[in-house]
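Chain by chain, the residues run as shown.
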Amino acid sequence: MSGAMAGAARHAPWGSIGLLFLAHFVVDSQVSFLAPLLPLLSQKFSLSLGTAGILVSLLSFFVAGSQPLTAIVTDRWPRLPWLAIGLIGSSFFLTAVGWLPTYAAVAAAIPIGGVLAGLAHPDMASRAGALSNQHRSLSVSFFVAGGRLGFAFGPLIALLIVKWWGMEWLWIYILVNVVAVTGILRGLPKPKAASGESKSIFRGLGAALMAARFPLSILLGVTVSRAIVTVNMQGLLPTLYVERGLGLWQGGIANSVLLVFGMAGVMAGGALADRFGKRRLIAWGVVIGLISLIGFLWSTSALAMVFIALLGFGLYLPMGVGMALAQDFLPDHRGFASSLTLGVSWGLASFSVIPISWVAENIGLLQTFKVLPVALVAGLVFAYFLPEEEKK
């Protein structure tokens, strides 16, 4: 059995998986530039924590909330260069936060950059899901892992650029996108042209959503619950460390630890899903995340980093598996299916940042974060009602 599994893994489309891993790394690394720079932007523009938190919410909402619409577009016209447009366009607007002179200009650039980053995601996810039916969980999970690694190292990349040259030099990351897009478009297989049936994509999508409405709703409940914790931890963890007097670099490192172990969780989920089942993997991830979050919130600073690592692993263990499960529910609309788990859930969860940051102005972020375990308890309840998978 193990020999058969090893043989199957050898025949996975690793070249294309690697290129999609790279694409996701590049786009998500620049999306994560905002979090470590938030204390510097707050100082530059004299912002309160609540006002600064609006920027985090805007970015999360427009990156995620735009994806259902961009997914319909990319599913309908898959041969157009959405990936190149999304990567290079988002890099311009998201790095502009370093040199734009006013808060209003930054608040305007972030939604544009977020939509363009959202444009790239369904295209990449659809390609990952279509690489191999036999290795879909593996392909999608490695694709998602590239984004987690990008989120992990993006804060450090941003801080290094700021330390060496200043925030106004963030634009040099546009050159990284240009180089990456050149290699990706040359190496990736071209997506299949839209079939005649796709011309009625809205009618076909509506029928597919109605047929799968129950399991999709339950899955969305799980992903929103997880995303509430993830969005707030990713967006405000560096600010929490600064608030506690531990420094900007300590906060950036904590964010990177969360996401490096998140990448490990995504990859472990993809490797284990076919053996133990997607439903069980999702529940395990929520349980690990809940225990680790409670440990982090009530631990000493010496143990906090250990719990942050475990929290990242648990939160992201179900991420690629959940996306693959959504694509199982909507096999003819893979881009849209991925937008539900990467887009809709994160868009809805992004609204939680604003009240949390406002309350934190009065009682502190650490105390405010103690409400977050409730979201994972709700996620565990939703996970219980996920349908059992059919035995293959």
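Just so it is clear, the structure is predicted and the values come from calculations on it, not from any experiment.

## Description of the overall build of the protein
And step 1. For the protein, the helix and strand inventory stands at 19 helices and zero strands.
And step 2. Across the 392 residues that make up the protein, the buried fraction comes to 59%.
And step 3. Pairs at least 24 apart in sequence give 86% of the contacts found in the protein among residues at least 6 apart.
And step 4. Element-wise, carbon and sulfur atoms account for 69% of the exposed surface of the protein, whose accessible area totals about 16,000 Å².

## Some thoughts on helix α17 (residues 353–363)
And step 1. What α17 keeps buried is the set Val-353, Ile-356, Ser-357 and Ala-360. The arc that holds every buried residue of α17, seen down its axis, measures 95°, which confines them to one face.
And step 2. Directly beyond the C-terminal end of α17, a positive phi value near 95° is found at Gly-364.

## Considering the packing of helix α11 (residues 213–243) against helix α19 (residues 373–384)
And step 1. Contact geometry of α11 with α19 gives a least axis separation of 8 Å together with a crossing angle of 160°. Looking at the two axes, α11 sits roughly antiparallel to α19. Seen from above, α11 lies across α19 with left-handed handedness. Facing α11, whose interface residues are Ile-218, Gly-221, Val-222, Ser-225, Arg-226, Ile-228 and Val-229, α19 presents Ala-375, Leu-376, Ala-378, Gly-379, Phe-382 and Ala-383.
And step 2. Among the residues forming the contact of α11 with α19, the class breakdown is nine nonpolar, three polar and one charged.

## Thoughts on unusual backbone geometry
And step 1. In this structure, Ser-46 takes a positive phi of about 55° despite not being glycine.
And step 2. Note on placement: Ser-46 falls in the loop between α3 (34–45) and α4 (49–65).
And step 3. Look at Ser-46 and you get exposed, because its relative accessible area is 66%.

## Observations concerning the side chain of Ser-352
And step 1. Structurally, Ser-352 is set in the loop between α16 (334–350) and α17.
And step 2. At 2.9 Å, the side chain of Ser-352 forms a polar contact with the side chain of Asn-232.
And step 3. Residues in contact with Ser-352, not counting those within four places in the same chain, are Ile-228 and Asn-232.

## Details of the pattern of salt bridges
And step 1. Tallied over the full model, the rule gives one salt bridge.
And step 2. A salt bridge links Lys-278 to Asp-328; the nearest nitrogen and oxygen atoms lie 3.3 Å apart. With a gap of 50 residues between them, Lys-278 in helix α13 (residues 278–297) and Asp-328 in helix α15 (residues 319–329) connect regions that are remote in the sequence.
And step 3. Classification of Lys-278 as buried rests on a relative accessible area of 6%.
And step 4. When its relative accessible area of 32% is taken as the criterion, Asp-328 is described as partly exposed.

## Focus: the packing of aromatic side chains
By convention here, two paired aromatic rings are described through the distance between centres and the angle between planes.
And step 1. Under the defined criterion, the tally for this structure stands at nine aromatic pairs.
And step 2. With a centroid separation of 5.4 Å and an interplanar angle of 55°, the aromatic rings of Phe-276 and Trp-284 are classed as tilted.
And step 3. Accessibility expressed as a relative area gives 36% for Trp-284, which makes it partly exposed.
And step 4. Among the aromatic residues, those joined into a ring-pair cluster are Phe-61, Phe-62 and Phe-351.

## Considerations on the nonpolar core
And step 1. Ranked by size, the top nonpolar core spans 112 residues in total, and within it Phe-143 and Phe-369 carry the most contacts.
And step 2. Top contributing element to this core by residue count: α11, with 12 residues.
And step 3. Excluding residues within four positions of it along the chain, Phe-143 makes contact with Leu-20, His-24, His-121, Met-124, Ala-125, Ala-128, Met-323 and Leu-342.

## What about the confidence of the model for the protein?
And step 1. Averaged over the protein, the pLDDT score is 81; the fraction of residues at 70 or greater is 88%.
And step 2. Across residues 1–8 the pLDDT falls below 50, and counting only partners more than four positions away or on other chains, this stretch makes two contacts in the model.
And step 3. Considering only residues more than four positions removed or in separate chains, one finds that residues 195–199, a stretch of pLDDT under 50, has two contacts.

## What about a nonpolar patch on the surface?
And step 1. Taken together, the side chains of Phe-92, Trp-99, Leu-160, Trp-164, Trp-165, Trp-169, Trp-171, Leu-175, Trp-249 and Ile-253 present a nonpolar region at the surface, about 1,000 Å² in accessible area.
And step 2. Contributing elements (two or more residues each) for the nonpolar patch: α8 (136–164) and α12 (248–276).
And step 3. Position of Trp-169 among the secondary structure elements: in the loop between α8 and α9 (173–187).

## Topic: helix α14 (residues 301–316)
And step 1. With 16 residues, α14 extends 23 Å between its outermost C-alpha atoms, agreeing within 8% with the 22 Å of an ideal straight helix rising 1.5 Å per residue.
And step 2. Buried within α14 we find Ala-304, Ile-308, Ala-309, Leu-311, Gly-312, Gly-314, Leu-315 and Tyr-316.

## Topic: the environment of Leu-386
And step 1. Its location among the elements puts Leu-386 in the segment after α19.
And step 2. A relative accessible area of 4% means that Leu-386 is categorised as buried.
And step 3. Between the C-alpha atoms of Leu-386 and Leu-216, which are 170 residues apart in sequence, the distance is 8.9 Å.
And step 4. If near-sequence neighbours (up to four positions away) are discounted, Leu-386 is found in contact with Pro-215, Ile-218, Leu-219, Val-222, Arg-279 and Ile-282.

Calculation criteria
Residues numbered from 1 in each chain as written. Predicted model: local features only at pLDDT ≥ 70, side-chain atom pairs only at ≥ 80, totals over all residues. Heavy atoms only, no water. Helix = DSSP H or I, 4+ residues; strand = E, 2+ residues; numbered from the N terminus. Buried < 20%, exposed > 50% of the residue type's maximum accessible area, 1.4 Å probe, protein only. Contact = heavy atoms within 4.5 Å. Areas by Shrake-Rupley, 256 points an atom, 1.4 Å probe, with all protein chains shown as cover. Arc of directions from axis to C-beta. Axes fitted to C-alpha atoms, helices over the stretch in contact; angles between N-to-C directions. Parallel < 35°, antiparallel > 145°, perpendicular 65-115°, else oblique. Left-handed = near helix turned anticlockwise from the far one by under 90°. Nonpolar A, V, L, I, M, F, W, Y, C, P; charged D, E, K, R; others polar. Polar contact = N/O pair within 3.5 Å; in protein donor to acceptor, adjacent residues only side chain to side chain. Salt bridge = Lys/Arg side-chain N within 4 Å of Asp/Glu carboxyl O. Phe/Tyr/Trp six-rings, centres within 6.5 Å; stacked < 30°, edge-to-face > 60°. Core = buried A, V, L, I, M, F, W, Y, C linked by side-chain atoms within 4.5 Å. pLDDT = per-residue confidence, 0-100. Patch = residues over 30% accessible without salt bridge, like charges linked within 9 Å, V, L, I, M, F, W, Y side chains within 5 Å. Expected span 1.5 Å × (residues − 1).

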